[in-house]
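Residue-level listing of the chains:
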Amino acid sequence: MPPIHQTAADAALRRLAEQRLQATLADADGTPWDVDTARLVHELQVHQIELELQNDELIAARAEAEAALLRYSDLYDFAPVGYITLARNGAIEQINLHGARLLGAARADVVGRRLRSFVAAASLTRYKAFVERVFACSDPQHCELTLDREGSGPLHLQIEASCAVGGTVCRIAMIDMTERDQAEAALVAVADQLRESQKMESLGTLAGGVAHDFNNILSSIIGNVSLAQELLEPGHPVAECLLEIHRAGSRATLLVRQILTLSQRQRQELSVLQLGPVVEEAIRLLRATIPAGIGITTTIDPDAPRLLADASQMHQIVMNLGTNAWLALRDWPERPAEARRIDFRVEGCSLDAAGARALTGGLLPGRYVRLSVRDNGCGMAPEIQPHIFEPFYTTRAVGEGTGLGLSVVYGIVGAHHGTIAVHSALGEGSSFDVYFPAAPIVAAAAALPLAAPGAAPGTRPTMQRHLLYIDDELQLVSMVTRLLQREGHRVTGFADARQALGALRSDPHSFDLMVTDFNMPVLSGLDVAREAKALRPDLPVLIASGYITKELEHEAQLLDVHSLLYKPVMVPELRRVMRELFAGAE
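Residues numbered from 1 in each chain as written. Predicted model: local features only at pLDDT ≥ 70, side-chain atom pairs only at ≥ 80, totals over all residues. Heavy atoms only, no water.

Description of the overall build of the protein chain
- Scanning the protein chain from terminus to terminus reveals 16 helices and 17 strands.
- Just so you have it, the protein chain exposes about 31,500 Å², and 57% of that area is on carbon and sulfur atoms. (Helix = DSSP H or I, 4+ residues; strand = E, 2+ residues; numbered from the N terminus. Areas by Shrake-Rupley, 256 points an atom, 1.4 Å probe, with all protein chains shown as cover.)

A closer look at the pairing of strand 11 (residues 419–425)
- When strand 11 meets strand 12 (residues 429–437), the two strands line up antiparallel, connected through seven bridges. Paired with V422 across the strands is F432, a residue of strand 12.
- Where strand 11 folds back onto strand 12 in an antiparallel hairpin, the turn is made up of three residues, including G427, whose phi is positive at roughly 80°. (Pairing = 2+ DSSP bridges.)

As for empty space enclosed by the protein
- Enumeration according to the criterion identifies one cavity of 30 Å³ or more in this entry.
- By volume, the largest cavity amounts to about 40 Å³.
- Taken together, L115, V119, L145, L147, L157, I159 and M174 make up the full set of residues lining the largest cavity.
- When contributions to the lining of the largest cavity are tallied by element, the ones reaching two or more residues are strand 3 (141–149) and strand 4 (153–164).
- Taken together, the residues of the lining of the largest cavity break down into seven nonpolar, no polar and no charged. (1 Å grid on protein atoms, 1.4 Å probe; cavity = no way out; pocket = protein on both sides within 12 Å on 5 of 7 lines; lining within 4 Å. Points joined across faces, edges and corners; volume = space filled by probe spheres on them. Nonpolar A, V, L, I, M, F, W, Y, C, P; charged D, E, K, R; others polar.)

Regarding the nonpolar core
- In terms of nonpolar packing, the biggest core is built from 39 residues, with L275, M314, I317, I342 and L371 touching the most fellow members.
- Going through the elements one at a time, helix 8 (275–289), strand 8 (307–310), helix 9 (311–330), strand 9 (341–351), strand 10 (366–375), helix 11 (405–415) and strand 12 are the ones with two or more residues in this core.
- The dominant element in this core, judged by the number of residues it contributes, is helix 9, at eight residues.
- Contacts of L371, omitting those with residues within four sequence positions, involve L275, V279, I317, V318, R345, V346, F432, D433 and V434.
- Core analysis: the second largest hydrophobic core is formed by 28 residues, M514, M520, I543 and I548 among them. (Core = buried A, V, L, I, M, F, W, Y, C linked by side-chain atoms within 4.5 Å. Buried < 20%, exposed > 50% of the residue type's maximum accessible area, 1.4 Å probe, protein only. Contact = heavy atoms within 4.5 Å.)

Let's talk about the pattern of salt bridges
- Applying the stated rule across the entire model yields ten salt bridges.
- R180 serves as the salt-bridge partner of E144, at 3.3 Å between the closest nitrogen and oxygen. Taken as a pair, E144 in strand 3 and R180 in helix 6 (residues 178–231) lie far apart in primary sequence, 36 residues in all.
- For R180, a relative accessible area of 32% gives the class partly exposed. (Salt bridge = Lys/Arg side-chain N within 4 Å of Asp/Glu carboxyl O.)

Considering the sheet that holds strand 10
- Spatial ordering of the open sheet is given by 7-9-10-12-11, a layout of five strands whose pairing is mixed. Of all the strands in the sheet, just strand 7 (295–300) and strand 11 have a single pairing partner and so form its edges. If you compare each strand with its neighbour and ignore which way they point, the axes differ by 15° on average.
- Pairing of strand 7 with strand 9 involves six bridges; the strand directions are parallel. Paired with G295 across the strands is R341, a residue of strand 9.
- Sitting on the sheet, helix 9 is in contact with strand 9, strand 10 and strand 12, with an inclination near 135° to strand 9. (Axes fitted to C-alpha atoms, helices over the stretch in contact; angles between N-to-C directions.)

Following this line, the structure appears as structure tokens:
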């Protein structure tokens, strides 16, 4: 049984034909038609109407097909994927616009050429095997290739292909992997930065423990050596030995400070300053340690912006980079002595978004101060450069360096929110470009130390004072007690903070000054200071520590702690603070 709509259409055709038949049952002169003629005319008119309807349908279908073809053509040509129809002999039969762009040529110049002519030599073997697999099986095949495009450089592609039309051609889809490669490279860079950050954080944690334990040992060594030197007669044969011990202790103290700087645990004395004068002062000192034959040039831009920085740490950067440059020159005897040089430059620069992204360290676009140190020494091999900022990494012979110079520079720069760019090649020298953010036009507040400047040299000793000294190391308690007693002071020392607070509680006004270690079991130096201030608010309290952080400074200010003393060389600083505290009472 035909569909209802078809039956209705046939009935409509018959009614239309009958209407036309009634209108034309006679000739023009009125002669009527016989029945056969009328029926024939009727059939012809039905067929005519059917043809007219079919023609209309064909026209509509053709228009729809042309529109669909146009849409497909647009989708094909402007798709974000390159499409290629490849013949069995490897010739390109058809390609869309994006595919031609990926190949780096116009579509008219690509059709007819073999696809292998665009494949880089390193990928040819892989490409041949890929094409063989495509024509050998019906399953889609995947591959990654590198194209060698003239004038545009190599391009990494991911392609997928399947065989079609009875195995005579294959369809290939090409996807540009540049963004994926860039994302993977960025991910690797972020992972490297994370590992570096974790490594520095671990070193910082280690430095904290080293600073506490090692500084206590150094304090005892240096203090006892000073005490022994004072007890010796002038010219005693042991005096030279004690002097060497003191020098070794001082070098160890410097090593600990470098580790603390590297781990960003060293206190910063920030101020808004011009970098140029600091660099010039450091170069004057550096000049005295570098052979006169080494040329040193300095270029300072007087209009370079100011920066918020610790002047002593900026000085340390210049000294370390300058020393590193000198060692590179010394290790390159092929360079004539008169041609060896180190160039220092300080200038302002602006970084746009692209320039900031090109540098590591997460810099933002804006104004920067750039310190450049360049030498024409031996340079560095590519495999060495990724390790130069690693702590204790050195290419020097044993005894020639600790491997901390560049690591300290890295730590200081990071603490000042800057970054370092290094360029080096064997036999061509090295350049270190250090970028520091420029300070705002309005001067930033400098971070001031808790202790005020000391009295001028030559100030007479203070009168006898009673000190309450607390440290969990008995050796330090004994050493400090003996040193201060030799100067006429009375010292009551404790290795237990709770016992010390008990002595203070029993007679709060018998002490003139309290000095306590910060890192102690049970009670920290801040806990001791809090209890002492509750017992006697006007008692001056000093806290000694192997590393002084911003948090410690902040908490000490809230508790009205007078000064923070840096171990291990705390005794000279303690004497200075005592002169300052009691100068007006003598």
